[in-house]
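So you can see what is in the structure, the chains are spelled out below.
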Amino acid sequence: MKDQTRNIHLPQIRPPEDNTPLVAPIYQSVKFQFPTVAETLRSLRGERDGFFYSRSANPTTRQLEHTLAVMQGREDAVVCGSGVGAVAQTLLGLLKAGDHVLCFVETYGPTRTLIRRTLQRYGVHHTMLSIEDDAGIERVLAGTPTRLVIFESPTNPVTRIADIAHITRCARAHGALTVLDNTLAGLHQHGNTDVDLFIHSLTKYASGHGDVMGGAVIGSAELIRHLRRDFVLLGGVLDPHAAFLIQRGLKTYLPRYRQQCETAHRVAAFLAAQESVDRVHYPGLATHPRHALAARQMQHFGTVVSFDLRAGSGAGDRFADALRLFSIAASMGSAESLIIPPGLMGPNDLPADLAALSGTAPGTVRLSMGLEDCDDLIEDIAQALKAI
Ligand SMILES: *Cc1c(COP(=O)(O)O)cnc(C)c1O
């Protein structure tokens, strides 16, 4: 054998069967082999365990799927390259031309656009309501055959709370699936509800360090088996290295989420006492219009706090510029505290009548808590409020 051939065909170091790594390893391999064609074909027919090609399945991403399903209290999960990918591939996997979707003004912007623009093009119709319109939800589901309801709770940015039991009850009664984008509430919440499918952006709390993107849909084995076929064909796979980083992040998910919620609660209470602040949107405050419902459905009220500055339009930008510890950036769930540029938050894509339902005001500001000391964050907010 010449050097170059030997270099490619060196044997792999494998620990003995009873000598396992404490951390699940990264299988950074696209291809997996069996010693014979017969075993390869048996595996592809599903007659034995095994992996073949990482677009279909990879042990590291499979490990992550298993962890996510356990954390959310469902049977299985399928992951992909981003949260938006998970929304898009789930909707494409479940819907066909002529179907009707119930969705909400307060839904994540790209999800709204996907439904209003892309799915519309494929002949999927929708009705858009406010997530607080309980009577409207019941009326639409009873009156219009609906394939699925897609919603969020708390919503972003003004942390409205969906009545999950009401939505799942109406959907179940009229044969619609429920899809809850549970990114803001986190993987440990809402698992005790009757929701069919949970979507998560793993980019946020799951990874927790702002250095990797991913998405997941979690549900019954049957629904996930159905969706996995489409996920594999749509091709937005999660790389094993990204899956490994998210898997690592999940080990500290709960302590991070808890601390960020504690910080958010204290920040919300501080803001509520400030003269320059008109309204604070945080489900943990007794003044939140659906605090009692939130307290029934959630153990933790979330890490996002938004509020309306009395000074209105433009004040949010001045406040953001004056902050020192909050970075001006998108997203949430990282170690760093963040403030989103206020102008990017409103429902700019919606017609005026729907946009009016969104609950955002000209002076709305959204903060997302990091892992810094809470006293320092409050001091920073105090000085920035003074500066405006
Ligand atoms: C961020 C986010 C997404 C999209 O996730 P990406 O990983 O950024 O693609 C979807 N839904 C919600 C509620 C989000 O906050």
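Undergrad: Got a minute to help me understand the side chain of Q297 in this structure?
TA: Structurally, the position occupied by Q297 is in helix α11 (residues 291–297). According to the relative accessible area criterion, Q297 is buried, its value standing at 11%. Of the polar contacts made by the side chain of Q297, one reaches the backbone nitrogen of I164; its length is 3.1 Å. Setting aside its immediate chain neighbours within four residues, Q297 contacts S153, I161, A162, D163, I164, A165 and H190.

Undergrad: How do you make sense of the layout of surface pockets when you look at a structure like this?
TA: The rolling of a water-molecule-sized probe over the atoms marks out the regions of remaining empty space. The volume enclosed by the largest pocket comes to roughly 950 Å³. The wall of the largest pocket is formed by 24 residues, among which Q12, I13, R14, Y27 and F32 lie closest to the centre. Among the elements that make up the lining of the largest pocket, the one with the highest residue count is helix α3 (residues 59–72) (three residues).

Undergrad: Help me understand the site of the ligand in this model?
TA: Close contacts around the ligand come from 13 residues, with G83, D181, S201, T203 and K204 the closest. At a separation of 2.8 Å, an oxygen atom of the ligand approaches a polar backbone atom of G83. Contact distances for the ligand include 2.5 Å between an oxygen atom and a side-chain N or O atom of T203. About the coverage of the ligand: the protein hides 94% of its 380 Å² of free accessible area. Looking at side-chain class alone, the shell around the ligand contains four nonpolar, six polar and three charged residues.

Undergrad: Where do I start with the packing of aromatic side chains in this structure?
TA: Two measures describe an aromatic ring pair: the distance that separates the ring centres and the angle between the ring planes. Per the counting criterion, the structure on display carries four aromatic pairs. Seen in terms of ring centroids, F32 and F51 are 5.7 Å apart; in terms of plane orientation they differ by 50°. Their pairing is tilted. Separated by 19 residues along the polypeptide, F32 in the loop between α1 (3–8) and α2 (37–44) and F51 in the loop between α2 and α3 bring together distant segments of the chain. Classification of F51 by relative accessible area gives partly exposed; the value is 24%. Taking 5.0 Å as the distance between ring centres and 70° as the angle between the ring planes, the aromatic pair formed by Y205 and Y257 counts as edge-to-face. With Y205 in the loop between β6 (197–201) and β7 (215–219) and Y257 in helix α10 (residues 253–272), the pair connects residues that are 52 residues apart, well separated along the chain. You'll find Y205 and Y257 in the same group, each marked buried. A connected cluster of aromatic rings, assembled from ring pairs, spans Y205, Y253 and Y257.

Undergrad: What should I look at first to understand the sheet that holds strand β3 (residues 125–129) in this one?
TA: Ordered in space as β1-β7-β6-β5-β4-β2-β3, the seven strands form an open sheet in which the pairing is mixed. Edge positions in the sheet fall to β1 (76–80) and β3, since each has one partner strand and no second. Within the sheet, the average angular offset between the axes of one strand and its neighbour, ignoring direction, is 20°. Strand direction decides the pairing type here: β6 and β7, joined by five bridges, are antiparallel. Counted as the bridge partner of L197 is G219 from β7. Sitting on the sheet, α3 is in contact with β1, β6 and β7, with an inclination near 130° to β1.

Parameters at a glance
- All residue numbers refer to position in the chain's written sequence, counted from 1.
- In view of the model being predicted, local features appear only for residues whose pLDDT reaches at least 70, and side-chain atom pairs are presented and counted only at 80 or more, with totals across whole chains, interfaces and linings using the full set of residues.
- As a convention, hydrogens and water are excluded, and side-chain values are obtained from all of the structure's heavy atoms.
- Only runs of H or I of at least four residues qualify as helices and only runs of E of at least two qualify as strands under DSSP, and these elements are numbered from the N terminus.
- The classification of residues rests on relative accessible area computed with a 1.4 Å probe and restricted to protein chains. Under 20% of the type maximum is buried, over 50% is exposed, and intermediate values are partly exposed.
- In the analysis that follows, any N or O atom pair within 3.5 Å is treated as a polar contact, provided that within protein one partner can donate a hydrogen and the other can accept it, and provided that, for residues neighboring in sequence, both atoms belong to side chains.
- Here, residues are in contact when the closest pair of their heavy atoms is within 4.5 Å.
- A 1.4 Å probe that fits into a set of points on a 1 Å grid over the protein atoms alone but cannot get out defines a cavity; an open set with protein on both sides within 12 Å along at least five of seven lines defines a pocket, and lining residues are those with an atom within 4 Å of a point.
- Grid points are joined across faces, edges and corners, and a volume is the space filled by probe spheres set on the points.
- Nearness of a residue to a molecule or strand requires only that one of the residue's heavy atoms be within 4 Å of it.
- Where accessible areas are quoted, they stem from the Shrake-Rupley method and a 1.4 Å probe; at the residue level, only the protein chains shown are allowed to cover.
- The classification used treats Ala, Val, Leu, Ile, Met, Phe, Trp, Tyr, Cys and Pro as nonpolar, Asp, Glu, Lys and Arg as charged, and all other residues, Gly among them, as polar.
- By convention, a stacked pair of Phe, Tyr or Trp rings (six-membered ring in the case of Trp) has centres within 6.5 Å and planes under 30 degrees apart, an edge-to-face pair has planes over 60 apart, and any other such pair is tilted.
- Note on pairing: DSSP must find at least two bridges between two strands before they are called paired.
- Here, axes are lines fitted to C-alpha atoms. For helices the fit covers the stretch in contact, and angles between N-to-C directions go from 0 to 180 degrees.

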